[in-house]
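Results of the structural survey
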Amino acid sequence: RVVSEVALFLFGLTFFVCAFACAVSALEQDDPDFAGIPKSALQLYKITLGMFSGSHYDMLMDYPALMVAIFVYVVTTAIFMLNLLIAQLNCSYQATYQDMLGFA
């Protein structure tokens with residue numbers, strides 16, 4: 001049960017990444033890391049997983065619109081998506097617990 005909930009969370013995260021990758025690539029910016037949807041999606045996944053280096057964050061200061069978009073993405077994924085994962089796992093645990101009580 002838990003694996004399916006995590007898979008749903010990853011699907012939702014992929015939706016957010018694709019949406020923000022399209023938005024970031026449509027911005028008028030010249031950052032080579034965010035040039036095009038596939039590169040933008042890869043960089044957003046790196047940001048989500050904490051693999052985006054500090055020097056790249058310093059380069060984002062040159063593009064204020066891009067920095068705002070990345071800030072909104074980080075806040076959205078950190079608050080909304082993490083709460084969604086916690087709620088899903090809690091619901092899965094409650095269902096598993098009820099099944100366990102029924103078999104005891």
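As a reminder, the structure under discussion sits directly above these lines.
Residues numbered from 1 in each chain as written. Predicted model: local features only at pLDDT ≥ 70, side-chain atom pairs only at ≥ 80, totals over all residues. Heavy atoms only, no water.

A separate point is the overall build of the protein. In terms of regular secondary structure, the protein is built from four helices and zero strands. Moving toward the C terminus, one meets the helices and strands of the protein in the order α-α-α-α. Here the C-alpha atoms of the protein give a radius of gyration of 18 Å, more than 25% beyond the 13 Å that 2.2 N^0.38 yields for 104 residues. Once the C-alpha set of the protein is aligned to its principal axes, its extents read approximately 60 × 20 × 20 Å. Restricting the contact set of the protein to residue pairs at least 6 apart, pairs at least 24 apart contribute 64%. Of the roughly 6800 Å² that the protein leaves accessible, carbon and sulfur atoms contribute 72%. (Helix = DSSP H or I, 4+ residues; strand = E, 2+ residues; numbered from the N terminus. Rg over C-alpha atoms; globule rule 2.2 N^0.38 Å. Contact = heavy atoms within 4.5 Å. Areas by Shrake-Rupley, 256 points an atom, 1.4 Å probe, with all protein chains shown as cover.)

The next thing to look at is helix H2 (residues 37–49). With 13 residues, H2 extends 18 Å from end C-alpha to end C-alpha; this agrees with the ideal 18 Å at 1.5 Å per step. Of the positions making up H2, those classed as buried are Ser40, Ala41, Gln43, Leu44 and Ile47. Buried residues of H2 fall within an arc of 165° about the axis and therefore sit on the same side. Along H2, the residues that are exposed and aim more than 90 degrees away from the buried face are Pro38 and Leu49. Those residues of H2 hidden inside the fold are in contact with helix H1 (2–26), helix H3 (54–60) and helix H4 (64–103). A positive phi of about 80° marks Gly50, the residue just after H2. (Expected span 1.5 Å × (residues − 1). Buried < 20%, exposed > 50% of the residue type's maximum accessible area, 1.4 Å probe, protein only. Arc of directions from axis to C-beta.)

Read these as spatial facts, not as claims about activity.
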